[in-house]
Each structure stands twice: as structure tokens, then as C-alpha cells.
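Overview (structure and organization)
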Amino acid sequence: MTKKIAILLGRGLEGCGVSQCARQMQIVTGADIFYSIDKKWPRSGGMDFPTNPFSVATEWEGVAAKINEYDLCVIYSVPSTKHPEACQKNFVDMVKAIKVRKAFINVDHKQASISRNANLAAICENVDVIMTY
């Protein structure tokens, strides 16, 4: 039986390594990618693959309900401390509202990058598995 996988990019489609990791998982598993549009990234336009953009600040509840129809949610990124406050707060609420199994894969490798993740402790407390790259 094939599992339905949702990939969640809370920081958005950055157009760099995190986005590429998500894309590679999508290719291998057939996952659907959901990403935040609350902060724009200059390189995001250079990536062309199937995605589901949404605003965490205003649309998180509907997307959480949609993700609850999947078997697994893999979170590759969380909003940064420079994302709008509503996005930062609502992302934690969204993670809590997602009831299917959740895995957080942290691909940050520098302390400076990790410290820019908003509400990281709260997000880690509300997932089933945490991995680091």
C-alpha cells in the first residue's frame, strides 16, 4: 500500500538546498509539497515543480485539515524569526492541528541558521520524529 506523504515548508519555497531536498523526496515518493508564501524568496521562481502555496498567516487551518488526509507529514523548514508574527504563531498552531504522524527533518547545519528558526522548541515538542541532516 502506497502512503500519501505531505511535505511542509514553513519557511517557504526558498529556491535553495531545502527546496531541492523536498523536491527530491517528492520525486521518489510522489509526495505533495505545501509551502508558506508569507515571505517571498528571490530564487523561488527558478524552481518549477508541483506545489501548493498558502499563507500560514491566513489559511493554515484549511491546509492542516487537508494534510490530515495524508498518512505522513514531513516538515523540512519552519518560519524564520523574520517572517510575519502571525505566520510564526500560526505555524505552531498548524503543527499541533496536524494529527497524522509528523517528522521534522532539520537541514540547517550552522548555529546561526538554527537560531533564526521561530518557535523551534514548540515545533519539536509537537512532532513524532526529529531528524537532522
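This text gives an overview of the structure that appears in the document. Computed from a predicted model, the values in this text were never measured in an experiment.

Side note on unusual backbone geometry
Positive phi outside glycine occurs at N119, with the angle close to 55 degrees. Checked against the element boundaries, N119 lands in the loop between α4 (111-115) and α5 (120-124). The exposure class of N119 is partly exposed, given its relative accessible area of 37%.

Some thoughts on the pattern of salt bridges
Going through the model one piece at a time under the given rule, you end up with two salt bridges. Across the pair D93 and K89 runs a salt bridge whose closest N-O atoms are separated by 2.5 Å. Linking D93 with K89, this pair stays in helix α3 (residues 85-97), spanning four residues, or about one helical turn. Judged by its relative accessible area of 23%, D93 is partly exposed. You can call K89 partly exposed: its relative accessible area is 47%.

Cut-offs and rules
Residues numbered from 1 in each chain as written. Predicted model: local features only at pLDDT ≥ 70, side-chain atom pairs only at ≥ 80, totals over all residues. Heavy atoms only, no water. Helix = DSSP H or I, 4+ residues; strand = E, 2+ residues; numbered from the N terminus. Buried < 20%, exposed > 50% of the residue type's maximum accessible area, 1.4 Å probe, protein only. Salt bridge = Lys/Arg side-chain N within 4 Å of Asp/Glu carboxyl O.

On their own, these measurements won't tell you what the molecule is for.
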